[in-house]
Amino acid sequence: MNEIDIFCQKILYKEYSFDLSKLLINIIKKEKKHVSNIGGDQFSVFVNDKNFLNVLEEEANKLAKIMGCEKVFLDNIWLNVNKNKDYNMLHDHPNSVVSGIFYIKVPENSGELIFNNENLIRFYPLRIKEYNKYNSQIWKFEPKENTLYLFPSWIKHMVSSNFTNEERISLAFNFR
């Protein structure tokens, strides 16, 4: 029998060795905003580090190419600062093609990056022997500092609660 995977979603992730203290110095906060955060702070920012921005664009375009899309360009970028019990609720990124998160500070137990499968398999009587990419309702990553995660903007995702007394800090962004 022939087979084909349909409605496939690709998530890319890669660890880097950026000087995170230097990167933080080069992030200029513009305005405070509230989008997906429950507690914590989000700020529109300007990142004054061309090398970092070039890496984001290069990697975002790798995913855009896999997705069969034209070249994408950075549309917006913001800083997330989540303290104890703060989290980012389930959401997606409308009017974008590729979205991502770059983790700057990730204390242990400060929350997982969780992707949600919008295919409503929870309403069907599957008797799952082992969860895999074809039958999972959620997929979790334990974020690491200096790691970039990229995904199609329409995939619903969230970041669970920070259960530490330290801040979890990340940059999030959209490419169009």
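Residues numbered from 1 in each chain as written. Predicted model: local features only at pLDDT ≥ 70, side-chain atom pairs only at ≥ 80, totals over all residues. Heavy atoms only, no water.

(A) Quick peek at the sheet that holds strand S4 (residues 41-47). Strand order in the open sheet formed by seven strands is S1-S10-S7-S12-S5-S4-S2, and the pairing between neighbours is antiparallel. This sheet does not close on itself; its edge strands, each paired only once, are strand S1 (12-15) and strand S2 (27-33). When the angles between neighbouring strand axes are averaged without regard to direction, this sheet yields 25°. Here S1 runs beside strand S10 (residues 147-152); their pairing, made up of four bridges, is antiparallel. When the bridges of S10 are listed, Leu-12 appears paired with Leu-150. Sitting on the sheet, helix H2 (residues 50-66) touches S1, S4, strand S5 (74-82), strand S7 (98-105), S10 and strand S12 (168-175), and the angle it makes with S10 is about 35°. (Pairing = 2+ DSSP bridges. Helix = DSSP H or I, 4+ residues; strand = E, 2+ residues; numbered from the N terminus. Axes fitted to C-alpha atoms, helices over the stretch in contact; angles between N-to-C directions. Contact = heavy atoms within 4.5 Å.)

(B) Seen up close, the sheet that holds strand S3 (residues 37-38). Here we have five strands laid out as an open sheet, ordered S3-S6-S11-S8-S9, and antiparallel in their pairing. Each of the sheet's edge strands pairs with one partner strand only, and the pair in question is S3 and strand S9 (138-141).

Everything listed here is a matter of geometry and, on its own, says nothing about what the molecule does.
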